[in-house]
Amino acid sequence: DTAVSQTPKYLVTQMGNDKSIKCEQNLGHDTMYWYKQDSKKFLKIMFSYNNKELIINETVPNRFSPKSPDKAHLNLHINSLELGDSAVYFCASSQGLSGTYEQYFGPGTRLTVT
Amino acid sequence: AQSVSQHNHHVILSEAASLELGCNYSYGGTVNLFWYVQYPGQHLQLLLKYFSGDPLVKGIKGFEAEFIKSKFSFNLRKPSVQWSDTAEYFCAVTSRGGGNKLTFGTGTQLKVEL
């Protein structure tokens with residue numbers, strides 16, 4: 001049973017398009033995150049949600065809009081895709097906001113913008 | 001703001017060699033420290049973590065790390081590496097009150113040769 005799953009695994013699209021990535025966790029966690037891993041493998045947090053409430057919103061272009069319909073799901077919608085959006089996007093979840101809670105990561109979605 | 005630096009970007013070792021990967025963090029308050037591993041094509045997995053107590057922590061697969069507060073360091077060690085340890089290794093921190101935001105280092109690519 002996959003703990004944190006993401007769809008799709010690969011996404012190839014053209015500049016200017018709008019796309020969504022979905023994330024689901026079956027761990028019963030109440031906090032979910034989106035991280036971006038660039039071509040140099042650097043990982044940076046984008047957003048976090050706790051009980052469907054936005055907690056962390058790093059300096060991310062407003063073309064990126066997260067949505068959490070319930071505690072088990074966190075989707076990422078990207079408008080007007082740009083070449084620089086090409087990256088691997090990882091979803092993660094944890095039980096709570098304390099810095100001691102381990103985050104469990106999904107398999108990643110490799111987004112390629114052409 | 002917290003930051004993490006990993007000085008070794010690429011490390012190549014022969015099987016059975018000992019491993020030490022450096023990690024230093026910058027933050028004025030209390031931190032929680034993590035090492036994550038990313039095997040080729042896979043998601044991040046937690047190797048070990050330190051919150052408090054014994055500064056020498058043991059993780060999975062024979063890895064251990066030592067927290068040295070005076071040096072702001074949390075180096076990862078393994079006495080004898082295997083070919084299957086080939087992966088990207090990330091040091092990360094969270095801070096108290098930081099909403100469980102993981103700040104990652106730039107990663108170390110480890111290649112173990114037979």
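Our structure's up above, just so we're on the same page.
These notes cover the structure that comes with them. (Residues numbered from 1 in each chain as written. Chains lettered and ligands numbered in written order. Predicted model: local features only at pLDDT ≥ 70, side-chain atom pairs only at ≥ 80, totals over all residues. Heavy atoms only, no water.)

**Some details on the state of the cysteines**
Then comes step 1: Taken as a whole and assessed by the stated rule, the structure comprises two disulfides over all chains.
Then comes step 2: Between the sulfur atoms of C23 of chain A and its disulfide partner C91 of chain A the distance amounts to 1.9 Å. One quick way to see it: the torsion about the S-S bond of C23 of chain A and C91 of chain A is about -75°, and its sign makes the bridge left-handed. With a gap of 68 residues between them, C23 of chain A in strand β3 (residues 19–25) and C91 of chain A in strand β9 (residues 87–94) connect regions that are remote in the sequence. With respect to class, C23 of chain A is no different from C91 of chain A; both count as buried.
Then comes step 3: Two residues share a disulfide in this structure: C23 of chain B and C91 of chain B, whose sulfurs sit 1.9 Å from each other. In this structure, the disulfide formed by C23 of chain B and C91 of chain B twists by about -65° around the S-S bond and is classed as left-handed. A residue pair is termed long-range when its members are at least 10 positions apart, and C23 of chain B in the loop between β3 (19–21) and β4 (24–26) and C91 of chain B in strand β10 (residues 87–95) qualify at 68 residues.
Then comes step 4: A relative accessible area of 0% places C23 of chain B in the buried class. (Disulfide = S-S within 2.5 Å. Helix = DSSP H or I, 4+ residues; strand = E, 2+ residues; numbered from the N terminus. Buried < 20%, exposed > 50% of the residue type's maximum accessible area, 1.4 Å probe, protein only.)

**Re the pairing of strand β12 (residues 108–113) of chain B**
Residue and element names in this part refer to chain B.
Then comes step 1: The side-chain alternation of β12 yields one buried face, formed by T108, L110 and V112, and one unburied face, formed by Q109, K111 and E113.
Then comes step 2: As paired elements, strand β2 (residues 10–14) and β12 share five bridges and run parallel to each other. Bridging from a neighbouring strand, I12 pairs with K111 of β12.
Then comes step 3: Of the strand pairs in this sheet, β10 and β12 are connected by three bridges, and their pairing is antiparallel. Each residue of the ladder has a partner; that of Y89, found in β12, is T108. (Pairing = 2+ DSSP bridges.)

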